[in-house]
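Coordinates in review
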Amino acid sequence: MIETAIYILFAVYGLSGLLYFIRLLRGPTVVDSILAADCVSLDVALIALLLSIYYRNSFLAVGALFLVLWAFILDVFAAKYLTRGEVGT
Amino acid sequence: MILTVIGLILLAIGAVCDLLGAIGMHRFNTFYLRLHAATVGTVGGKFYPLLGVAFIAAEQGLWPVVGISVLAALLVLVTTPVGSHALAYAASKARIVEIKLDEFRGEEDV
């Protein structure tokens, strides 16, 4: 049962990630691209966790935590750069 | 068995929310509306599925996956509003996307 459900979930989340990625490429402004990159990285983290369930392997799940943290750091640092002109200070 | 069913229900809810957010990213026409769609797609479409993954992994005995999933879900719940507010503030402050009916910048320009 769970294998069939995971196939359908891969299809739906992959389609969502593809739509986000089209917005990343076509975004009129840079903040649209940053927002779409945020959503794509969280989507990839979720697909990695689903893969670790599908293969019953715990080592595949480690990268998901770094993807979640990277999305937050991308948002905050890009906002700081766009507001102040530099990241430090 | 019951944990797997709960996890699959949460994953299905998240799939619907994620697909609606991805469609909304193309249907809305300004950045601030797209921010709303992306936040719906992130909190509804990533927080619940991560909890669902934790339930399914707990049924299968994959305890490291449970820990990483719960931690990632809490991080998504905390960091998504912060990132959205930071991006909206940056887009407004750096004048990348203009707000049409701006109620807060009126006195500054006069």
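By the naming in an unreviewed UniProt entry, chain B is Monovalent cation/H(+) antiporter subunit G, taken from Thermococcus aggregans.

Under an unreviewed UniProt entry, the name given to chain A is Monovalent cation/H+ antiporter complex subunit F, and the organism recorded is Thermococcus aggregans. Reading the Subcellular location (unreviewed entry) entry of the UniProt record for chain A gives the comment "Cell membrane".

A tally of helices and strands in chain A yields three helices and zero strands. Listing the helices and strands of chain A from first to last along the sequence gives α-α-α. Computed over C-alpha atoms, the radius of gyration of chain A comes to 16 Å, more than 25% over the 12 Å expected from 2.2 N^0.38 for 89 residues, which places it beyond the range of a compact globule. A burial count over chain A gives 44% of its 89 residues as buried. On chain A, roughly 4,600 Å² of surface is accessible, and the fraction owed to carbon and sulfur atoms is 72%.

Our focus in this paragraph is the interface of chain A and chain B. The partner chain B presents 49 residues to the 41 residues of chain A that form the contact. Taken as a group, Tyr20(A), Arg23(A) and Leu35(A) account for 14% of the area that chain A buries against chain B, more than any other trio of residues on that side. Put simply, chain A and chain B have one salt bridge between them. Asp32(A) is paired through a salt bridge with Arg34(B); the nearest N and O atoms lie 2.9 Å apart. At the surface where chain A touches chain B, the tally comes to seven residue pairs in polar contact (both at pLDDT 80 or more). Within the residue set of the side of chain A that touches chain B, elements represented by two or more residues are α1 (2-26), α2 (30-54) and α3 (62-84) of chain A. Residue classes in the side of chain A that touches chain B are distributed as 30 nonpolar, six polar and five charged.

This brings us to helix α3 (residues 63-93) of chain B. All names here are of chain B. Compared with an ideal rise of 1.5 Å per residue, which puts 31 residues at 45 Å, α3 spans 45 Å between its outermost C-alpha atoms and is within 8% of the ideal. Helix geometry: α3 is bent most strongly at Thr79, by close to 30°, with proline Pro81 lying one to four residues after it. A positive backbone phi angle near 55° is found at Arg95, which sits one or two residues after α3.

This brings us to a nonpolar patch on the surface. A cluster of nonpolar side chains, Met1(A), Met1(B), Ile2(B), Val5(B), Ile6(B), Ile9(B), Ile13(B), Tyr48(B) and Phe55(B), forms an exposed patch at the surface whose accessible area comes to about 850 Å². Counting only elements with at least two residues in the nonpolar patch, the list comes to α1 (2-27) and α2 (31-60) of chain B. The biggest single contributor to the nonpolar patch is α1(B), with five residues. Residue placement: Ile2(B) occurs in helix α1. Residue Ile2(B) is classed as exposed on the basis of its relative accessible area of 60%.

About the thresholds
Residues numbered from 1 in each chain as written. Chains lettered and ligands numbered in written order. Predicted model: local features only at pLDDT ≥ 70, side-chain atom pairs only at ≥ 80, totals over all residues. Heavy atoms only, no water. UniProt positions renumbered as here; feature names shortened; annotations may be inferred. Helix = DSSP H or I, 4+ residues; strand = E, 2+ residues; numbered from the N terminus. Rg over C-alpha atoms; globule rule 2.2 N^0.38 Å. Buried < 20%, exposed > 50% of the residue type's maximum accessible area, 1.4 Å probe, protein only. Areas by Shrake-Rupley, 256 points an atom, 1.4 Å probe, with all protein chains shown as cover. Contact = heavy atoms within 4.5 Å. Buried area = accessible area lost by both parts, 1.4 Å probe. Salt bridge = Lys/Arg side-chain N within 4 Å of Asp/Glu carboxyl O. Polar contact = N/O pair within 3.5 Å; in protein donor to acceptor, adjacent residues only side chain to side chain. Nonpolar A, V, L, I, M, F, W, Y, C, P; charged D, E, K, R; others polar. Expected span 1.5 Å × (residues − 1). Bend = angle between axes of the 7 residues up to and from the residue. Patch = residues over 30% accessible without salt bridge, like charges linked within 9 Å, V, L, I, M, F, W, Y side chains within 5 Å.

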